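# Remarks on the overall topology
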Amino acid sequence: MHVVLLFALLGVALGAPTTQDPSTTPKKAPPTPCDTTLQWEGRSSEWDHVREYNNRFLISFDGKNQRKRLMEEKRSYMPGHRYIEYLQFYNDKLEYQIDHTYNVCTKLPLGPWRNHTIPDDAVLEDQYDVGQPGHAIYANEWSDRVTGRYKEEWIGVFTTAKDGCWPLFEVYSKDEANKSISYSTRFFNLSAGIKDPSVFDIPDICKKVQLTPLPDLPTLVNEVQPTQAPGFFAKIKTWLFQRKNDSSDKLLKKAGVVKTWGKQMDQI
């Protein structure tokens, strides 16, 4: 009898398994937006959904002074391609586009600041691993989703605060009146700091340039497409319609190409 009682007391002392109500188990708090590095450099690949065009850039990002420098990477498989450098000063709402092929500078008004960081009021949408199991990077996906709005304008994927809170991928889309902008951007080969601050110096060819108004951009929605003219000519007519806002069409119009084809297409 004494032996049985001794083992029973030992069981209580060692901690017998007990059941716990799951509802009383403390839940892990969701992560809050981490702070990205204010100044960094690296590379980016950006797809413009409006113009249906992809480009790769060397990027210098200065969040302290709200400015960026983008330099198109040279691609050997695109002979004759112009390489543009973009100096973007968001505090002044100005952008300088420097065509290094022809040594020409254009001064343009600049849109809203794209910060490549996580807003304080961002909503956590998802968490997942990126890459090979065991060697993957853990990432958080955020958005600017708010109640009552039709869709998000921004979605960003970032590494966790433990891994430095670096941007990995970003989608930005915004409709303004009859214009739309929409980009998907990947970031890679990033490093903290800006090695040469002089990359933000405005070159002499830009200092006396007058401001050029932005051209109208095609919208992503409510764009009327021609439906008549079947077959081959329909494809050409659709192509001409989609290209109406392309600056290269101005050169074609001078040669009378677009004007002649347009008349022929309207008669089909």
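Keep in mind that this is a model prediction, so the values were computed, not measured.

## Focus on the nonpolar core
Counting residues in hydrophobic clusters, the biggest one holds 11 residues: Leu 87, Phe 89, Leu 94, Tyr 96, Ile 98, Cys 105, Ile 194, Val 199, Phe 200, Cys 206 and Val 209. Those elements that place two or more of their residues in this core are β4 (84-89) and β5 (94-99). Looking at this core element by element, the count peaks at 3 residues for β5. Setting aside residues no more than four positions away along its own chain, Phe 89 makes contact with Gln 66, Arg 67, Leu 94, Tyr 96, Leu 110, Phe 200 and Ile 202. Membership of the second largest hydrophobic core comes to 9 residues, among which are Trp 40, Ile 59, Tyr 86 and Phe 187.

## Considering the state of the cysteines
Summed over the entire model, instances satisfying the criterion amount to 2 disulfides. Each sulfur of the disulfide joining Cys 34 and Cys 165 lies 1.9 Å from the other. As the torsion about the S-S bond is roughly 80 degrees, the Cys 34-Cys 165 disulfide counts as right-handed. Separated by 131 residues along the polypeptide, Cys 34 in the loop between α1 (2-14) and β1 (39-48) and Cys 165 in the loop between β9 (154-159) and β10 (167-176) bring together distant segments of the chain. You can call Cys 34 buried: its relative accessible area is 11%. Given the relative accessible area of 2%, Cys 165 is considered buried. Residue Cys 105 pairs covalently with Cys 206 via a disulfide, S to S 2.0 Å. Across the S-S bond of Cys 105 and Cys 206 the torsion is about 110 degrees, and the bridge reads as right-handed. On the criterion of sequence distance, the pair formed by Cys 105 in strand β6 (residues 104-109) and Cys 206 in the loop between β11 (179-192) and α2 (231-242) is long-range, its members being 101 residues apart. Like Cys 206, Cys 105 is buried. When the bonded cysteines of the protein chain are counted from the start of the sequence, the pairing works out to 1-3, 2-4.

Cut-offs used in this document
Residues numbered from 1 in each chain as written. Predicted model: local features only at pLDDT ≥ 70, side-chain atom pairs only at ≥ 80, totals over all residues. Heavy atoms only, no water. Core = buried A, V, L, I, M, F, W, Y, C linked by side-chain atoms within 4.5 Å. Buried < 20%, exposed > 50% of the residue type's maximum accessible area, 1.4 Å probe, protein only. Helix = DSSP H or I, 4+ residues; strand = E, 2+ residues; numbered from the N terminus. Contact = heavy atoms within 4.5 Å. Disulfide = S-S within 2.5 Å.

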